[in-house]
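Observations on the three-dimensional arrangement
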Amino acid sequence: MTTAPPYDDLEFASPEALRALQLERLRATVAQAGRSAHYGQVFAERGLGPDSVESLADLQRFPLTTKQDLRDSYPYGFLAVPKGEVVRMHHSSGTTGLAAAVFHTAGDVEQWAHLVARCLHMVGLRKGDVFQNMMSYGLFTGGLGLHYGAEKLGAFVIPTGAGQSHRQIEFMRIFETAAIHIIPSYALALLGTFEEMGVNPRRDLFLRFAVGGAEPYTEGTRQRLRDAWGIPFYNCYGLSEMQGPGVAFECPEQQGLHLWEDSYIGEIIDPDTGDPLEEGAEGELVLTSLTREAMPLIRYRTRDVTSFLPGVCPCGRAHRRLARIQGRTDDMFIIRGVNVFPMQIERVLMSMPEVGTNYLIVLDREGYADRLTVKVEVTPRMFRGEVDELLALQERIAHALREETLVRPRVELVEPGTIPTREGKAVRVLDERRE
Ligand code: ADP
Ligand code: ZN
C-alpha cells in the first residue's frame, strides 16, 4: 500500500463506487453531448438519449466516434455549450493529417487541473517543490496541462517550455528543480548536453523524479533514462480530445498507468472490426469522457494500441491500469507485407548498451522493392572504437531486428548527435516510398 495520503476522495474509491459513479456520469454526459450538432443528429437518428443508459453495458449501443467525425464537423460540430461558455481552445498538431479543435469551459479547465494535480501528487509532488515544465506551451496540451495541475498543488512552477537545452540545465541547477515534465526523446537528447556542459545529473542536480509522456517510448528507454538521470520517469498519457495529459498516469509502483475511471470509461476494441476485445487483450483504446462539458466525446477511437492489465495494483488504487502504449495504429508501417511498429525497433535498440540516444527508421524503394533502413547513433565510446567492433554491432542489430520484426533491415551506424532531434514529439519514421 502507498504511504502517500490520497489527493481526493475518488483516488482510492472502491471498484463498486467507481462503477456507480461512471453510470451516473455517463447518463449526464449523454445528455450533455446531445446538445452538440454532431451527437444531436446521431442520437436522433438512432433513438438514443440518457434514458438509453440503464447500465454501463448500454454504452455499447452508442456508435464509435472517430477522428474523421471530428474533422467532418470541424470546427464547432462537437461543441455542446454556447460559445460564450468556452474559455480556452487547444488544437491537435495534425501529425496524422487530421487536426481537431478541442474546447474547454471553465469547469473543464478546472477538472483537468484537478486530475493532473492528482497525478503529480500521487508520485510525490508537493507544495513548494520546484517543477520545471519542459513541454511546449500553446495549442499543444503538454505545456498548459501540466502547468495548471502543478500550480494547483502549490508547486513552484518554472514554465521553461521546450528547447534551449543549456538554459534548461542551468535552471535545474540554480533553482534546484525537484521534478521535470519532459518528452522522453528530448530527455535522451539532453544526455549529450549534460556531457557537453560537464554536468552529471545524478551528482549536480536536485531532481527527485521526471514525468515523461506525449509520445510512445519503451521500457528499455525508461530504464536508460532512469539510470542516466538517476531518477524515476513516470509515464503520463493523454490526448487533446480527452483534455490532454493526465488521462492515465503511473503510480510509484510503475506497473501500468491508472486510467482515471471517475473521469473516463476505457474499452479496448479490435481496430479492424471495431468489436470489443476480451479483458486483457491488446487493441485500440476507446475512451468516453465523463465530466467534460464543452466537448464530451462518447466512445472515441484514440488509435492508441494498449491493453488493460489484469489484477489490482499493489498501490491499492482501483482505477484499472493500461499497459505502456505501443504507439498508434497509424504509426504502424507495412514493409514487404509485414506490419511493424516503431516501438518494436526501439525495444531492440534500447536493449543494447552500445546504442546511443537516437535512431531513425527510413523507408524507401530500391528498384521495385521496399527497403527498410535503420539509422542508429552509437555511444561516443563505441564511435571512437575499433571498426570490427562496429561491424559486429551492426550485424547484431540487424539480426535482432530480424528476430523481432521478421524483416531484415539495413543498419547504418552513425556518429552520436547526427540524427536531428526535435523540440516536440520525435519523428521516428521517414517514409519516402511515395513520391
Ligand atoms: P497530436 O495528435 O497532435 O499528436 P496530442 O498532443 O493530443 O495530439 O497527442 C496525443 C497522442 O500522443 C496520444 O493519442 C498518443 O498517441 C500519444 N501519447 C501521449 N502520451 C503518450 C504516452 N505516455 N505514451 C505513448 N503515447 C503517448
Ligand atoms: Zn498503482
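Our structure's up above, just so we're on the same page.
Thresholds, definitions, all that
Residues numbered from 1 in each chain as written. Chains lettered and ligands numbered in written order. Predicted model: local features only at pLDDT ≥ 70, side-chain atom pairs only at ≥ 80, totals over all residues. Heavy atoms only, no water. Helix = DSSP H or I, 4+ residues; strand = E, 2+ residues; numbered from the N terminus. Rg over C-alpha atoms; globule rule 2.2 N^0.38 Å. Buried < 20%, exposed > 50% of the residue type's maximum accessible area, 1.4 Å probe, protein only. Core = buried A, V, L, I, M, F, W, Y, C linked by side-chain atoms within 4.5 Å. Contact = heavy atoms within 4.5 Å. Axes fitted to C-alpha atoms, helices over the stretch in contact; angles between N-to-C directions. Parallel < 35°, antiparallel > 145°, perpendicular 65-115°, else oblique. Nonpolar A, V, L, I, M, F, W, Y, C, P; charged D, E, K, R; others polar. Expected span 1.5 Å × (residues − 1). Patch = residues over 30% accessible without salt bridge, like charges linked within 9 Å, V, L, I, M, F, W, Y side chains within 5 Å. Areas by Shrake-Rupley, 256 points an atom, 1.4 Å probe, with all protein chains shown as cover. Salt bridge = Lys/Arg side-chain N within 4 Å of Asp/Glu carboxyl O. Pairing = 2+ DSSP bridges. Donors = N, O, S within 2.8 Å, 3.2 Å for Na, K, Ca; no water. Tetrahedral: all angles 85-135°; square planar, octahedral: opposite > 155°, others 65-115°. Phe/Tyr/Trp six-rings, centres within 6.5 Å; stacked < 30°, edge-to-face > 60°. Near = heavy atom within 4 Å. Polar contact = N/O pair within 3.5 Å; in protein donor to acceptor, adjacent residues only side chain to side chain.

On a plain count of helices and strands, the chain comes out with 12 helices and 20 strands. Here the chain has a C-alpha radius of gyration of 22 Å; the compact-globule value for 435 residues is 22 Å, and the two agree. Here the C-alpha coordinates of the chain stretch approximately 70 × 55 × 40 Å along the principal axes. Buried residues in the chain amount to 55% of all 435 residues.

Turning to the nonpolar core, a few remarks are in order. Counting 65 residues, the largest nonpolar core has Phe43, Leu120, Leu125, Phe131, Tyr237 and Leu287 as the members making the most contacts within it. Every residue in contact with Tyr237, bar those within four places of it in the chain, is listed here: Gly244, Pro245, Gly246, Val247, Ala248, Leu257, Leu285, Leu287, Thr302, Asp304 and Ile325. In this structure, Ala210, Val348, Leu349 and Leu393 belong to the second largest nonpolar core, which totals 47 residues.

In a packed pair of helices, the relevant descriptors are the angle between the two axes and the axis-to-axis distance. Interaxial distance between helix 4 (residues 106–122) and helix 5 (residues 141–153) falls to 7 Å at its minimum, and their mutual angle equals 70°. One element, helix 4, and the other, helix 5, form an angle in the roughly perpendicular class. Across the interface between the two elements, Glu110, Trp112, Ala113, His114, Val116, Ala117, Leu120 and His121 of helix 4 pack against Thr141, Gly145, Leu146, Tyr148, Gly149, Ala150, Lys152 and Leu153 of helix 5. The residue makeup of the contact of helix 4 with helix 5, split by class, is nine nonpolar, five polar and two charged.

Turning our eyes to something else, we now look at helix 5. End to end, helix 5 covers 18 Å across 13 residues, agreeing with the expected 18 Å (1.5 Å per residue, within 8%). Within helix 5, burial applies to Thr141, Gly142, Gly143, Gly145, Leu146, His147, Gly149, Ala150 and Leu153. The inward-facing, buried residues of helix 5 abut strand 1 (86–91), helix 4, strand 3 (130–133), strand 4 (156–158), strand 5 (179–182) and strand 8 (244–250). One or two positions beyond helix 5, positive phi appears at Gly154, with a value near 90°.

This brings us to a nonpolar patch on the surface. A cluster of nonpolar side chains, contributed by Phe156, Ile174 and Phe175, occupies part of the molecular surface with about 300 Å² of accessible area. When you line up the elements, Phe175 lands in the loop between helix 6 (165–174) and strand 5.

Most of strand 18 (residues 369–378) sits inside the fold, with eight of its 10 residues counted as buried. The pairing of strand 17 (residues 355–366) with strand 18 spans nine bridges and is antiparallel. Residue pairing across strands places Val362 opposite Thr373, the latter belonging to strand 18. The hairpin turn running from strand 17 into strand 18, its antiparallel successor, is two residues long, and Gly367 in that turn takes a positive phi close to 65°. Summarising the sheet, strand 18 and strand 19 (residues 410–414) pair through five bridges and their orientation is parallel. Of the residues in strand 19, the one forming a bridge with Val376 is Leu413.

With that out of the way, let us pick up the sheet that holds strand 6 (residues 209–213). Ordered by their spatial adjacency, eight strands build an open sheet running 4-3-5-6-7-8-9-13, and the pairing between neighbours is mixed. Single-partner strands in this sheet number two, and they are strand 4 and strand 13 (321–322). Relative to strand 7 (residues 233–239), helix 9 (residues 219–229) is tilted by about 135°, and along the sheet it contacts strand 5, strand 7 and strand 8.

So, about the coordination of the zinc ion (ligand 2). Within the protein, Cys251 (SG), His258 (NE2), Cys313 (SG) and Cys315 (SG) serve as the donor atoms for the zinc ion (ligand 2), at 2.1 to 2.3 Å. One way to put it: the four donor atoms around the zinc ion (ligand 2) meet at angles of 101 to 118°, and that makes the site tetrahedral. Within one chain, the residues serving as donors to the zinc ion (ligand 2) are arranged as C-x6-H-x54-C-x1-C. Placement of His258 in strand 9 (residues 257–259) and of Cys315 in the loop between strand 12 (300–306) and strand 13 is noted, with a sequence separation of 57 residues between them. Relative accessible area serves as the criterion here: at 1%, Cys315 is assigned to the buried category.

Before going further, it helps to examine the environment of Leu239. Along the chain, the position of Leu239 falls in strand 7. Leave out the neighbours within four places in its chain, and Leu239 touches Gly244, Val247, Leu287, Tyr300 and Thr302.

This part is about the packing of aromatic side chains. Applying the stated criterion across every chain yields a total of eight aromatic pairs. Each ring, one from Tyr39 and one from Phe78, has its centre 5.3 Å from the other, and the planes form 85°; the classification is edge-to-face. Of this pair, Tyr39 sits in helix 2 (residues 37–46) while Phe78 sits in the loop between helix 3 (67–72) and strand 1, placing them 39 residues apart in sequence. Residue classification places Tyr39 among the buried residues on the basis of a relative accessible area of 3%. On the numbers, 5.7 Å between centres and 70° between planes, the contact of Phe209 with Tyr234 is edge-to-face.

A few words now on the pattern of salt bridges. With the rule as written, the count across this model stands at 29 salt bridges. The salt bridge involving Glu261 is made with Arg19; its shortest N-O contact spans 3.3 Å. Note that Glu261 is positioned in the loop between strand 9 and strand 10 (264–269) and Arg19 in helix 1 (residues 15–33), a separation of 242 residues in sequence. For Glu261, a relative accessible area of 1% puts it in the buried group. Between Arg324 and Glu219 there is a salt bridge; the shortest N-O distance is 3.2 Å. Within this pair, whereas Arg324 is found in the loop between strand 13 and strand 14 (327–328), its partner Glu219 is found in helix 9, the two being separated by 105 residues in sequence. With a relative accessible area of 35%, Glu219 lands in the partly exposed category. Among the ionic contacts, a cluster of salt bridges with common partners joins Arg19, Glu261, Glu279 and Arg320.

Surrounding ligand 1, one finds 19 residues, the nearest of these being Ser93, Asn235, Cys236, Ser240 and Asp304. Between Ala214 and ligand 1, the recorded distance is 3.1 Å, taken from a backbone N or O atom to a nitrogen atom. Between ligand 1 and Cys236 there is a distance of 2.7 Å, counted from a nitrogen atom to a backbone nitrogen or oxygen. When ligand 1 is considered free in solution it has 570 Å² of accessible area, and contact with the protein chains removes 96% of it. For the shell around ligand 1, the per-class residue count stands at seven nonpolar, eight polar and four charged.

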